[in-house]
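Results of the structural survey
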Amino acid sequence: MNPDKSIVSANWSRRGFLKTSGLVVAALGAAPVLSACSGVKGAGSEGDDDVLAIRTVEDLQNLDPGFMASSTDDAIMVCIAENLVTYVPGKTEPVNELAEKITSSEDGLTHEFTLKKGVQFHGGYGELTAEDVKFSFERIAGLTKPDIESTYQGDWATLKEVEVTGKHTGVIKLSKPFAPLFYTTLPGNAGLIISKAAYDELGEDFATKPVGTGPYEFVEWKRSQHTTLKQFDKWAYPSQKWADKPQWKRIKFVPIPDDSSADVAVESGEVDLGQIAYSSVKRFKKKGDFKVTTLPTLDYAFIGFNVTHPKLRDVKVRKALREALDVDSILEAAFDGETRRAHALISEDVPVGHWKDAPRYQPDAAAAKQQLKDAGVSGLSLEMGIAEEPGAEQVAEIVQQNMKKVGVKVTIKKYPGDQMHEQVKSLQMFYFSFSNQADPSWATVWFTGDQVGDWNFMSWENKEFDRLHDAALVELDPDKRSDMYVRMQELMDEDAIAAWVMYRTNHYAHPREVRTSLIPQRFAKYRAWAVKS
């Protein structure tokens, strides 16, 4: 799982990210892969008609599938590596990619797979075998020595082993049935298959020189400038049933954290496609030579409170801050009303676990002041951390105004790159967003006790929450699972660890000739390699 800051929207890949990050995220089942071709001559950077240039909201962080940290990482790795199964446009269930077939036992404990033959790894690392599958899955599960302590270890929580039964065959063996297996594990980051030989040779350098079987292979990363991929001439084309062959000889991911600069880059043709500022959506829609592709996602954004910080330990204080917030005004000011408000962690578009009766909080300054008085707090001052993601500065400015009305002074601190994550233990109040996928465990995992000090920015621990998270992973009855996830969200609400802000809607601007490649929202990613013009 990846809290991946949204992708072309920040945060996209915890899996986390998927926190947000990213380029194009897709609408559940409704987003066909748009493809066509006419060629956007000259739209690519460097005057190269064969180059597709894409704006990302942040730079590459880590391309090791065990530690991918953002939607930008996701967007790049979707081009480089492949999975046994994947999501395709128009379908809500995954289809085979590198797998020729997968057969599951009735008890859900064993899953026999046969690989497509002749699939080659980049860089001359040879043919994909079942040993590579075993290595890719077991290292993330923590079954190899030494344990790499992957961020996504929970995606393989019940993996017992991957038994290799032949060059192209094997069996995924689980200690218990695992509900997210075919929805977020196998099609997600934890299911990306890499070359064992390449990893053994490259070690930690694999994080910036990944080797997979995908349609594009890694060329170079120039920090804060670009990440460049080139088309792999030995690609096995396992996706031929649902996608055209790639058009571009090279794909260049260009990090442009500033929204205004990104808008200029799109308009000037410096990049061919990019997420634009919410405030620019209407303007781009009026431009005859541009098109805006809009996609609601399962990603979520929130204003969080570090419950271990001395100023925020008292739940009355946290509830007072939540009472003071005017989320509707935040959405209007920061996102121009171009996104959906969230009232709980899990969106109604997630098949399981939405809390439809979640409280609809509205600003109440009088109640907030009373809560602070009851807590014996006056003259409170707080630091609000924000990362480089769309709308963050405007969110913080509105929060600053809201808090001033109840006597709380807020100073804003902006953390570039991944520095907010690095300072997770010392945060006070903060605005952040995580990417999400179809299984609710992808959202709840980041708030478990195991994630304190890593992606659990609130440093919140609740034994009942953790127990329910673990139990829901192995519960296959969707109604029972849904009840568990609703209870988990109630616990979060009772402890007032966050004010939920929105479920992200991303807007991408591009010349009309460009056809974006959108993956169903359940995958929460876009395929840059399938973009056409």
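This text goes with the structure placed above it.
Reference entry: report on the structure contained in this document.

What counts, and at which threshold
- Residues numbered from 1 in each chain as written.
- Predicted model: local features only at pLDDT ≥ 70, side-chain atom pairs only at ≥ 80, totals over all residues.
- Heavy atoms only, no water.
- Pairing = 2+ DSSP bridges.
- Helix = DSSP H or I, 4+ residues; strand = E, 2+ residues; numbered from the N terminus.
- Axes fitted to C-alpha atoms, helices over the stretch in contact; angles between N-to-C directions.
- Buried < 20%, exposed > 50% of the residue type's maximum accessible area, 1.4 Å probe, protein only.
- Polar contact = N/O pair within 3.5 Å; in protein donor to acceptor, adjacent residues only side chain to side chain.
- Contact = heavy atoms within 4.5 Å.
- Salt bridge = Lys/Arg side-chain N within 4 Å of Asp/Glu carboxyl O.
- Left-handed = near helix turned anticlockwise from the far one by under 90°.
- Nonpolar A, V, L, I, M, F, W, Y, C, P; charged D, E, K, R; others polar.
- Phe/Tyr/Trp six-rings, centres within 6.5 Å; stacked < 30°, edge-to-face > 60°.
- Lys NZ or Arg CZ within 6 Å of the ring centre and 35° of its normal.

Focus on the sheet that holds strand E8 (residues 216-222)
Strand order across the open sheet formed by 4 strands is E1-E10-E9-E8, with mixed pairing between neighbours. Single-partner strands in this sheet number two, and they are strand E1 (51-56) and E8. Neighbouring strand axes in the sheet, compared pairwise and without regard to direction, differ in orientation by 20 degrees on average. Direction of pairing for strand E9 (residues 226-231) relative to strand E10 (residues 250-255): antiparallel, over a ladder of 4 bridges. Bridge pairing links Thr227 to Phe253 in E10.

Structural notes on unusual backbone geometry
Cis geometry is found at the peptide bond from Lys145 to Pro146, where omega equals -5 degrees. Positioned with a positive phi, Glu149 is a non-glycine residue whose angle comes to about 55 degrees. Relative to the helices and strands, Glu149 is located in the loop between helix H2 (130-141) and strand E6 (159-164). Residue classification places Glu149 among the exposed residues on the basis of a relative accessible area of 61%. With a phi angle near 65 degrees, Ser224 is a residue other than glycine that sits in the positive phi range. Residue placement: Ser224 occurs in the loop between E8 and E9. Residue class for Ser224 comes out exposed when judged on its relative accessible area of 54%.

Some details on the side chain of Arg341
Mapped onto the secondary structure, Arg341 falls in strand E13 (residues 340-341). Since its relative accessible area comes to 17%, Arg341 is described here as buried. For Arg341, the side chain forms a polar contact with the main-chain oxygen of Tyr361, separated by 2.6 Å. Among residues more than four places away in sequence, those in contact with Arg341 are Val327, Asp328, Leu331, Tyr361, Gln362, Val501, Met502 and Tyr503.

Some details on the pattern of salt bridges
Taken as a whole, this structure holds 25 salt bridges when the rule is applied. The partner of Asp259 in a salt bridge is Arg55, and the shortest N-O contact between them spans 3.2 Å. Highlighted residues: Asp259 in helix H5 (residues 259-268) and Arg55 in strand E1, separated in sequence by 204 residues. Just as Asp259 is buried, Arg55 falls in that class too. Where Asp336 meets Lys282, a salt bridge forms, and the shortest distance between an N and an O atom there is 3.5 Å. Placement of the pair is Asp336 in the loop between helix H8 (327-335) and E13 and Lys282 in helix H6 (residues 281-286), with a sequence separation of 54 residues. The partly exposed category is assigned to Asp336, whose relative accessible area is 26%. A residue is classified by how much of its surface remains accessible, and Lys282, at 42% relative accessible area, is partly exposed. Through salt bridges that share partners, Asp263, Glu267, Arg283 and Lys287 make up one connected network.

Some points on helix H1 (residues 71-80)
Counting buried positions along H1 gives 10 out of 10 residues, so the element sits mostly inside the fold. The complete set of buried residues in H1 reads Ser71, Thr72, Asp73, Asp74, Ala75, Ile76, Met77, Val78, Cys79 and Ile80. Buried residues along H1 sit in contact with E1, E8, E9 and E10. The opening residue of H1, the one whose side-chain oxygen lies 3.2 Å from the backbone nitrogen of Thr72, is Ser70.

Considering the environment of Tyr361
Assignment of secondary structure puts Tyr361 in the loop between E13 and helix H9 (365-374). Placed 33 residues apart in sequence, Tyr361 and Asp328 show a C-alpha to C-alpha distance of 9.9 Å. Setting aside its immediate chain neighbours within four residues, Tyr361 contacts Arg322, Arg341 and Asp493. Engagement of the side chain of Tyr361 in a polar contact is seen with the side chain of Arg322, the distance being 3.0 Å.

Some thoughts on the packing of H8 against helix H10 (residues 392-404)
Running from N to C, H8 and H10 cross one another at 145 degrees; their axes reach a closest spacing of 8 Å. Considering only the axes of H8 and H10, their crossing is right-handed. Along its contact with H8, which presents Ile330, Ala333, Ala334 and Phe335, the element H10 presents Gln394, Val395, Ile398, Val399 and Asn402. For the contact of H8 with H10, the per-class residue count stands at 7 nonpolar, 2 polar and no charged.

Some remarks on the packing of aromatic side chains
Counted under the stated rule, the structure contains 24 aromatic pairs. With 6.1 Å between their ring centres and 80 degrees between their planes, Phe302 and Phe430 make a pair best called edge-to-face. In this pair, Phe302 is assigned in strand E12 (residues 290-305) and Phe430 in strand E16 (residues 429-434), connecting sequence segments 128 residues apart. Each member of the pair, Phe302 as well as Phe430, is classed as buried. Between the aromatic rings of Trp460 and Phe465, the centroid separation amounts to 5.1 Å while the plane-to-plane angle is 70 degrees, which identifies the pairing as edge-to-face. A residue is classified by how much of its surface remains accessible, and Phe465, at 0% relative accessible area, is buried. Above the face of the Tyr199 ring, Arg139 is positioned so that its terminal group lies 4.2 Å from the ring centre.

All we've got here are geometric facts, nothing functional implied.
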